[in-house]
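Understanding the architecture of this molecule
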Amino acid sequence: MTNPIEINKLYFKYKNSPDYILNAVDLTVFKGEIVALVGLSGSGKSTLLNIISGIIPHIRKGKIKGEVKLWGKETKDLKIVDITKRVGIVFQDPDTQLFSPTVEDEIAFGPENLMIEREEIERRIEKVLQAVNMEEYRYENPNNLSGGQKQLIAIAAILAMEPDILLLDEALSQLDTNGKKRVGDIIIDFKRQGNTLVLVEHHLESLSLADRVLELKDGKLKELKGW
Ligand code: ADP
Ligand code: MG
């Protein structure tokens, strides 16, 4: 069995960065595992998630060395559309992710691109809106929502694509206690179904969901024991 995520001796720098941001990073994430990434601002957490999601090197460029594999295949050899079918990423700033006139359209967009039938899309819209407790906002314009509500819709929109790997990049930052609890339940459920999750987080209550917490520091990834 190949692991969902396997990274070996990964080095990365942006074109204009003087030093390597990731410096011999090794990471294996097992099926059904929740891994949390912590580290100071600028330590490269978002860069690493963008590499796992294939955004780097397919959309954003830089100097990259080493192996990054999803289920045994190197991301650079996969098509980004094929990665998108199985790997969902939610960014910290929901405004970079939301662009549709209604919440419903926003959630339908991903599945539509995956050529999923209308009836199934309808089922998913209802399911994910219920999961984030935002059913009553279905016909709302996302621009009219609060930051936390936008984050919930961004998460719902990615969940509607039913990914096998979910990457959350500080995607809970604007949620209140209730919202965090909702997403916590979603995460536990996601894991229970045998899916894999990498989350970048600061809040302890979210870190407590993780099977392992890893710290990114000086371009290296180290397991944090007894955090
Ligand atoms: P974190 O998510 O841990 O805060 P990032 O991955 O966003 O860290 O950034 C790591 C480093 O890479 C920072 O020094 C940041 O300024 C730099 N960086 C991030 N994105 C780019 C980019 N598109 N081009 C050049 N440098 C970048
Ligand atoms: Mg970041």
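Use the structure listed above.
Everything in this summary refers to the structure shown in the same document.

The description of two helices packed together rests on the angle between their axes and the distance between the axes. As a packed pair, helix 6 (residues 147-159) and helix 7 (residues 177-192) sit with axes 11 Å apart at the nearest point and diverge in direction by 15°. If you check the angle between helix 6 and helix 7, you find them roughly parallel. Classified by chirality, the crossing of helix 7 by helix 6 is left-handed. When helix 6 is examined against helix 7, the residues Leu-152, Ile-155 and Leu-159 are found in contact with a partner set consisting of Gly-179, Val-183, Ile-186 and Phe-190.

Sheet strands associate in pairs through backbone hydrogen bonding, adopting either a parallel or an antiparallel arrangement. Spatial strand order, 2-1-4-5: 4 strands in an open sheet with antiparallel pairing. Of all strands in the sheet, those with a lone pairing partner are strand 2 (22-29) and strand 5 (73-74), marking the two edges. For strand 1 (residues 5-13) and strand 2, the ladder comprises 6 bridges, and the chain directions are antiparallel. Note that in strand 2 the partner of Phe-12 across the bridge is Leu-22. Helix-sheet contacts for helix 1 (residues 45-52) involve strand 1, strand 2 and strand 4 (63-70), and the interaxial angle to strand 1 is about 125°.

Turning our attention to the sheet that holds strand 7 (residues 165-169). Read across the open sheet, the 6 strands follow the order 6-7-8-3-9-10; overall the sheet is mixed. Of all strands in the sheet, those with a lone pairing partner are strand 6 (87-90) and strand 10 (220-223), marking the two edges. Strand-to-strand, the axes of this sheet are offset by a mean angle of 20°, without reference to chain direction. Sheet topology places strand 3 (residues 34-38) next to strand 9 (residues 212-217); 4 bridges connect them, and they run parallel. Paired with Val-35 across the strands is Arg-212, a residue of strand 9. Packed onto the sheet, helix 1 meets strand 3, strand 6, strand 7, strand 8 (196-200), strand 9 and strand 10 and runs at close to 155° relative to strand 7.

A few words now on helix 6. Counted at 1.5 Å a residue, the expected span for helix 6 with its 13 residues is 18 Å, and the 18 Å between its end C-alpha atoms agrees. By the criterion of burial, helix 6 is predominantly enclosed, with 12 of the 13 residues buried. Burial in helix 6 covers these residues: Gly-148, Gln-149, Lys-150, Gln-151, Leu-152, Ile-153, Ala-154, Ile-155, Ala-156, Ala-157, Ile-158 and Leu-159. Packing partners of the buried residues in helix 6 comprise strand 6, helix 4 (103-113), helix 5 (118-131), strand 7 and helix 7.

Bringing the side chain of Asn-3 into the picture now. Locating Asn-3 in the fold gives a position in the segment before strand 1. Of the residues examined, Asn-3 reaches a relative accessible area of 19% and is grouped as buried.

Rules of the game
- Residues numbered from 1 in each chain as written.
- Chains lettered and ligands numbered in written order.
- Predicted model: local features only at pLDDT ≥ 70, side-chain atom pairs only at ≥ 80, totals over all residues.
- Heavy atoms only, no water.
- Axes fitted to C-alpha atoms, helices over the stretch in contact; angles between N-to-C directions.
- Helix = DSSP H or I, 4+ residues; strand = E, 2+ residues; numbered from the N terminus.
- Parallel < 35°, antiparallel > 145°, perpendicular 65-115°, else oblique.
- Left-handed = near helix turned anticlockwise from the far one by under 90°.
- Contact = heavy atoms within 4.5 Å.
- Pairing = 2+ DSSP bridges.
- Expected span 1.5 Å × (residues − 1).
- Buried < 20%, exposed > 50% of the residue type's maximum accessible area, 1.4 Å probe, protein only.

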